[in-house]
Amino acid sequence: MYEHLAAPGRIGALTIKNRMAMTAASASLSQPDGTMTEDMLAYYEARARGGVGLIITEMVCVDEERGVLFSRELNAAREENIPSFRLLADRVHPYGTKIFAQLFHPGANADPKLNTGGLVSASDARGKKQGSAREITREEIHDIVRKFGQAARRVKEGGFDGVEIHAAHHYLLHSFLSPVTNHRTDEYGGSLENRVRILREITEAVRSTCGRDFPLMFRVSIEEYIGVNGYHADTGVKICQMLESWGVDAINASASGTSSKLSQSMEPMHFRQGWRGHLAKAVKGAVSIPVLAVAMIREPAYAEKLLAEGVLDFAGSVRCHLADPDWTNKALAGQDENIVPCIACMACLGHYYSEGHITCAVNPETGYEAQIPLLKRDGDGRLVVVLGGGPAGLEGAWMAARRGFKVVLFEKSDALGGQLKLAGAVPRKERIQGLTDSLVRRCAQAGVEARLNSAPSVEVLQAMHPYAILDATGGLPSVPDSIRGTDSPLVCTPPEVITGRVSPTGESIVVVGSGMTGLETAELLSEREKDNAVLVLEAASRLAPGVLGSNRNGVTAVLEPNNVVFLCGRTLTRIGEDRIWFVDTQTGEEYVYPCDRVVLALGTQPAGPYGDSLRTACDKVIPVGDRIRGGQIWDAIHTGYHAARSI
C-alpha cells in the first residue's frame, strides 16, 4: 500500500528493510552502570517486532566525568559494557531491524551531582539543571573527541549497525555550533568553519576506530528557532554539506536550540503534522547522502507523501512507536485505522519523575513490556458492566472483552468519549478525537455492547448479575468549600465555556486556576472577536505548576498576544455579585477586583452518582479514571487498563 515506506533504503553500506525509523528518546530503563536490563531489552524488542526498519537508541553516555545527564542512561564509556550492547543487538536483529547508538554529551545540561569533572560548554554558560558550566579547555575537547571515537568502537564491537552523533538541541556539540553559546576566540570559535571543527574531529575519531564502512550519522539542528541571534536554516544546511564532505553517511535533520519558547525539539499537540518538513527538504536538496527527519509524522499516508515527494529518505518518529509498537507492521499491512494514535500530549516526558522512566498515555504497556504478563483469556463469557464511556471506561471495556468477558458499557449521554470530548474541543487539540475514535473502534472490534443515553439504576444492575463492575462515572468540576460565594451568578466552569453553553463577549473575566484546562479556557475566552478582557488567577507562585513546559508555552504563546494577564501567588477567597476578593499568598494582603464573570478551573472531583450502592449489585466494583480522583488522559487510560487486567 505504501511503496515508498516499504522500500529498502541504505545508509552507507548498510541496507535497512524499510524507510521507518524509531528515533531517540530517553527511556531510563538501564541499570545505574548503563548496562541493559530486561526492561530495556523488551522495550526495544517490542518496536523491532513491530516492523520498524531502524532503531536509534536513547542518548548513550561517552564521558563519565563531565557528560552524565541522568542516572539511568546507556553507557558506552566502559569496556566492560560491550557485552551489554551485544544483548540489545541480538534482541532486535532477528526481526530484520537495524540499530544505531546515539552518542552524545549533554554539556551544560548535565546533572552536576553526577559529574565529578563539573559542567562544561563551548563557553561559560548557565547550567540547565543547576549551577553553571565553564568553558571547556582544548585538552578536554581533545579528550572528549577521543571518547566519542572509543564509544563508537565499543558499540560496534557490541554488534550495533551504526552510530548517530547528537549535535543538536543545545547539548555540548550544539553549543559549539551556535553563536549564542560559542564565544570562543580560539580555533573552536568565531567562523562557522571553527565552530564545526569539533564535529570534523569526532568524524575522524569514529572513522579511525570503526573504519570507513561503519555507518555514521549526525543529528543536527537545521534551525535553532531562538530568535535573531541564533543560526538559521542557511547555516544548518551548510553544516550538513560540510559533514557530507568529511564522509558522514547520513543526516538526521532536526531543529531547536535552547529552552526558548520558540524552540521545540519534541513538539506538543498544537504543532501541525509535517511542520519541520521544509528543513529536511532544504537539506535533501543540498546533499547527496540520505536524510532522516522527524516532522510530527503521525500518519503512514503522510510519511509516504514526504518520501514520495523527496522531502526525506527515512521517516523518523519516536512517539508513534511508543503509542503503538506495531505502527510499522500495521501501516505496511494497510491497517491504518487500527494504529493506536500518538496524540502528542507529552505525558511520555511528563510522567518521568513519577514513574522513573518513559511511559505513554495511550499505551499503558510502554516502559513495562518485561513486567506485564501475557493477557489472560479467562473471561469465559462472564458479564462485566462498565459505567461510563470516557477514556477509562472505554479502555477497561475493550481490554476486558479481549479477555473473553461479555462487556456491556452504559453511557448516559448520546456519544462516547466523556472528558475526551471536552479536551478535543479546545483550540489546536483536534488530535484527541483520533484517540476517541480509536478507543471506540477497539471496543466495537472486541465485541463490547455500548448502550448510549442510558444510566441504569442499581436495581437494573442487580438484575444483570454482573461478575464485575468498572465504575467509570467520571468527575465534576471542583468547587472548593473554602471559597465563599460560589453560588454567585458570576460563576461558571470550563465545561460550560468549552461546550458553548456560556459564551461571553465584551466581558471582564477571571479564570481561577492555571492548569492546562484553565489556560485553554482562557484561550477560548480571549479570542479577538470575543473582545473579552481575561485575567488568570493562580494560587501557586508560578504559572501552570505541574504542567510540562512545552505544553504551557504552547498556550501562553497565544494568550500573551491576546493580552491575557497572569496573577500568581493569589488565592481566591470570596465571590460577590460583581467582584471577587483574593489575597496575596505571601503577605496575606487582600485585594478586590470587579469583574463580569468567574470561571473556576480548579480540577475535577469524583462524581460518584451511585455512591457505595454498587456493592449491592456486585462484590467486585473497581473505580477507574476520575471516579478515583481528577486526573489526565494518562491516568484514565492506565487505570482502565489495569482494572480490566485485575478482574
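A look at the packing of helix α3 (residues 82–92) against helix α4 (residues 138–157)
In contact at an axis separation of 7 Å, α3 and α4 are set at 50° when each is read in the N-to-C sense. By the criterion of interaxial angle, the relationship of α3 to α4 is oblique. Classified by chirality, the crossing of α4 by α3 is right-handed. Here Ile82, Phe85 and Arg86 of α3 lie close against α4, whose contacting residues are Arg153, Arg154, Val155 and Glu157. Classifying every residue of the contact of α3 with α4 gives three nonpolar, no polar and four charged.

Regarding helix α22 (residues 633–646)
Taking 1.5 Å of rise per residue, 14 residues should cover 20 Å, and α22 covers 20 Å from first to last C-alpha, within 8% of that figure. Burial runs high along α22: 10 of the 14 residues are buried. Buried within α22 are the following residues: Ile633, Trp634, Ala636, Ile637, His638, Gly640, Tyr641, Ala643, Ala644 and Arg645.

A word on empty space enclosed by the protein
Where empty space is left becomes clear once a probe the size of a water molecule has been rolled over the atoms. Counted according to the given criterion, the structure contains one cavity of 30 Å³ or more. Approximately 90 Å³ is the volume attributed to the largest cavity. Together, Arg319, Leu322, Cys342, Ile343, Ala344, Cys345, Met346, Ala347, Cys348, Cys360, Ala361 and Val362 line the largest cavity. Elements with a contribution of two residues or more to the lining of the largest cavity: α11 (319–323) and α13 (347–350). Residues belonging to the lining of the largest cavity are distributed by class as follows: 11 nonpolar, no polar and one charged.

A word on helix α15 (residues 391–402)
Between its first and last C-alpha, α15 extends 17 Å over 12 residues, near the 16 Å set by a 1.5 Å rise per residue. For α15, the full list of buried residues reads Pro391, Ala392, Gly393, Leu394, Glu395, Gly396, Ala397, Trp398, Met399, Ala400 and Ala401. Its buried side turned inward, α15 meets β15 (383–387), β16 (406–410), α16 (419–423), α17 (431–446), β18 (468–471) and α22. Following α15 by one or two positions, glycine 404 adopts a phi angle in the positive range, close to 95°.

Observations concerning unusual backbone geometry
One non-glycine residue, serine 28, lies in the positive phi region at around 55°. In this fold, serine 28 is placed in the loop between β3 (20–22) and α2 (38–49). Residue histidine 169 is not a glycine yet carries a positive backbone phi of 60°. Classification of histidine 169 as buried rests on a relative accessible area of 12%.

Thoughts on the environment of tyrosine 352
Relative to the helices and strands, tyrosine 352 resides in helix α14 (residues 352–355). Measuring from C-alpha to C-alpha, the distance between tyrosine 352 and lysine 305 comes to 34 Å, with 47 residues separating the pair along the chain. In contact with tyrosine 352, other than residues within four places in its own chain, are Ser26, Ala27, Ser28, His357 and Ile358.

Criteria and thresholds
- Residues numbered from 1 in each chain as written.
- Predicted model: local features only at pLDDT ≥ 70, side-chain atom pairs only at ≥ 80, totals over all residues.
- Heavy atoms only, no water.
- Axes fitted to C-alpha atoms, helices over the stretch in contact; angles between N-to-C directions.
- Helix = DSSP H or I, 4+ residues; strand = E, 2+ residues; numbered from the N terminus.
- Parallel < 35°, antiparallel > 145°, perpendicular 65-115°, else oblique.
- Left-handed = near helix turned anticlockwise from the far one by under 90°.
- Contact = heavy atoms within 4.5 Å.
- Nonpolar A, V, L, I, M, F, W, Y, C, P; charged D, E, K, R; others polar.
- Expected span 1.5 Å × (residues − 1).
- Buried < 20%, exposed > 50% of the residue type's maximum accessible area, 1.4 Å probe, protein only.
- 1 Å grid on protein atoms, 1.4 Å probe; cavity = no way out; pocket = protein on both sides within 12 Å on 5 of 7 lines; lining within 4 Å.
- Points joined across faces, edges and corners; volume = space filled by probe spheres on them.

None of this, on its own, says anything about what the molecule does.
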